[in-house]
Amino acid sequence: MPVGRGLFGGSPYLGVYVRVSESAGLAPPNIPRALERDLERLLGVRIVRTSVFDCEVVGALVAGNSKGIVVGDEIDAEERRSLETIAPVTVIRHRQNAMGNNVLVNDAGALVHPEFSNEAVAQISRALGVPAERGTVAGLGTVGMAGVATNRGVVVHPKATEREVETVQRTLGVPVHRSTANFGVPIVGACLVANSRGFVVGRPTTPVEIVHLQDGFGVFD
């Protein structure tokens, strides 16, 4: 089954530390080897170890899809070179510089924090090769933490409104489901990483939550 559970240094918030696309992933240099193996095996990705902004919360700071990566302007040259081994990198100069927190994206579309400027939205759209639209999930502008998107489906915060769900589905072009993870945590983007092959979630996630996540991502035995 392409589903795994794990911890990052004792933390179940895998999405804060790791970011994956269809073929590659980014993780801090101190990623546990067992977690790295699970990500590579279950999701079919090659993990590149790097810091971003000299921090280990890579998943919170980087967003991307199969076409590109967006990151804030505090990235240094060495970190940028690491990211460029996966996909072209575009630096977005904006106050909302934690792109992983603020961009929910797959290979069809991107939903971005409502406070992004028109210029930043246009840059994100060009960099990722998809239409980009401002929006919220459960009233939160940090849409990259309030949801997780793949090319099969999107899972969002359980308090996402019908209008928000409709916007996400229209923008990203795939079905949207509501769920928690990590034993009731609604900020699902912080709890797991996923692509069209499967997902890896924090260890406290319950069997019932895993079933909901499988439904949301269209991933089954």
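Whatever comes next refers back to the structure up there.
None of these values were measured; they are calculated from a predicted model.

Undergrad: Honestly, the overall build of the protein in this entry has me stumped. Any pointers?
TA: On a plain count of helices and strands, the protein comes out with 10 helices and 15 strands. Taking 2.2 N^0.38 as the reference for a compact globule, 221 residues should give roughly 17 Å; the C-alpha atoms of the protein span a radius of gyration of 15 Å, in line with that estimate. With the C-alpha coordinates of the protein rotated into their principal frame, the extents come out at 40 × 40 × 25 Å. Within the protein, the fraction of its 221 residues that count as buried is 58%. A separation of at least 24 residues holds for 54% of the contacts in the protein among residues at least 6 apart in sequence.

Undergrad: Explanation requested: the sheet that holds strand E4 (residues 46–49) in the structure shown.
TA: Sheets are built from strands paired through backbone hydrogen bonds, the pairs being either parallel or antiparallel. On the basis of which strands lie adjacent, the open sheet formed by 3 strands has the order E2-E3-E4 and mixed pairing. With partners counted over all chains shown, the strands left at the sheet margins are strand E2 (19–20) and E4, one partner each. In this structure, strand E3 (residues 24–27) lies alongside E4, joined through 4 bridges in parallel fashion. Bridging across to E4, Ala 27 finds its partner in Arg 49.

Undergrad: Can you help me understand the packing of aromatic side chains in this one?
TA: Describing an aromatic ring pair means giving the distance of the ring centres and the angle of the ring planes. Under the defined criterion, the tally for this structure stands at 2 aromatic pairs. Note on Phe 8 and Tyr 17: the rings are 4.3 Å apart at their centroids and 5 degrees apart in plane angle, and the pair reads as stacked. Of the residues examined, Phe 8 reaches a relative accessible area of 4% and is grouped as buried.

Undergrad: Quick question: what am I supposed to make of the sheet that holds strand E7 (residues 89–92) here?
TA: Pairing within the open sheet is mixed, and its 3 strands lie in the order E5-E6-E7. Looking at which strands have only one partner, the edges of the open sheet turn out to be strand E5 (62–64) and E7. The sheet shows a mean angle of 25 degrees between the axes of neighbouring strands, direction not considered. By the bridge criterion, 4 bridges tie strand E6 (residues 69–72) to E7 in an arrangement that is parallel. By the bridge assignment for E7, Val 71 is matched with Val 91.

Undergrad: Would you mind showing me how to read helix H6 (residues 118–128) here?
TA: For an α-helix the count is 3.6 residues per turn, leaving residues at separations of three or four pointing the same way. Ala 120, Val 121, Ile 124, Ala 127 and Leu 128 are the residues of H6 that are buried. Down the axis of H6, the sector holding all buried residues measures 135 degrees, keeping them to one side. Residues Asn 118, Glu 119 and Arg 126 are exposed on H6 and point more than 90 degrees away from its buried face. Next to the buried residues of H6 lie E5, E6, E7, strand E8 (103–105), strand E9 (110–112) and strand E10 (132–134). After H6 finishes, the residue Gly 129 shows a positive phi value of roughly 65 degrees.

Undergrad: Please explain the environment of Gly 189 as it appears in this structure.
TA: The topology assignment puts Gly 189 in helix H9 (residues 188–191). Measuring from C-alpha to C-alpha, the distance between Gly 189 and Leu 104 comes to 9.0 Å, with 85 residues separating the pair along the chain.

Undergrad: Before we go on, may I ask you to explain the environment of Gly 100 in this structure?
TA: Within the secondary structure, Gly 100 is located in helix H5 (residues 99–102). According to the relative accessible area criterion, Gly 100 is buried, its value standing at 0%. Distance from Gly 100 to Thr 142, taken between C-alpha atoms, is 8.6 Å for residues 42 residues apart in sequence. The residues touching Gly 100, leaving out its near neighbours within four places in the chain, are Arg 19, Gly 59, Ala 60, Leu 61, Val 62, Ala 63, Gly 144 and Met 145.

Undergrad: Which parts of the structure should I look at to understand the pairing of strand E15 (residues 198–202)?
TA: Remember that side chains alternate between the two faces of the sheet whenever the strand is regular. Of all the 5 residues making up E15, 5 are buried; the element is thus mostly covered by neighbouring parts of the structure. When strand E14 (residues 192–195) meets E15, the two strands line up antiparallel, connected through 4 bridges. Each bridged residue has a counterpart across the sheet, and for Ala 194 the counterpart in E15 is Phe 199. Where E14 hands over to E15, the hairpin turn is made up of 2 residues, counted between the paired strands.

Undergrad: Can you walk me through the side chain of Thr 205 in this structure?
TA: Structurally, Thr 205 can be placed in the loop between E15 and helix H10 (207–217). The exposure class of Thr 205 is buried, given its relative accessible area of 1%. Leave out the neighbours within four places in its chain, and Thr 205 touches Arg 5, Ala 181, Asn 182, Phe 183, Ile 210 and Leu 213.

Thresholds, definitions, all that
Residues numbered from 1 in each chain as written. Predicted model: local features only at pLDDT ≥ 70, side-chain atom pairs only at ≥ 80, totals over all residues. Heavy atoms only, no water. Helix = DSSP H or I, 4+ residues; strand = E, 2+ residues; numbered from the N terminus. Rg over C-alpha atoms; globule rule 2.2 N^0.38 Å. Buried < 20%, exposed > 50% of the residue type's maximum accessible area, 1.4 Å probe, protein only. Contact = heavy atoms within 4.5 Å. Pairing = 2+ DSSP bridges. Phe/Tyr/Trp six-rings, centres within 6.5 Å; stacked < 30°, edge-to-face > 60°. Axes fitted to C-alpha atoms, helices over the stretch in contact; angles between N-to-C directions. Arc of directions from axis to C-beta.

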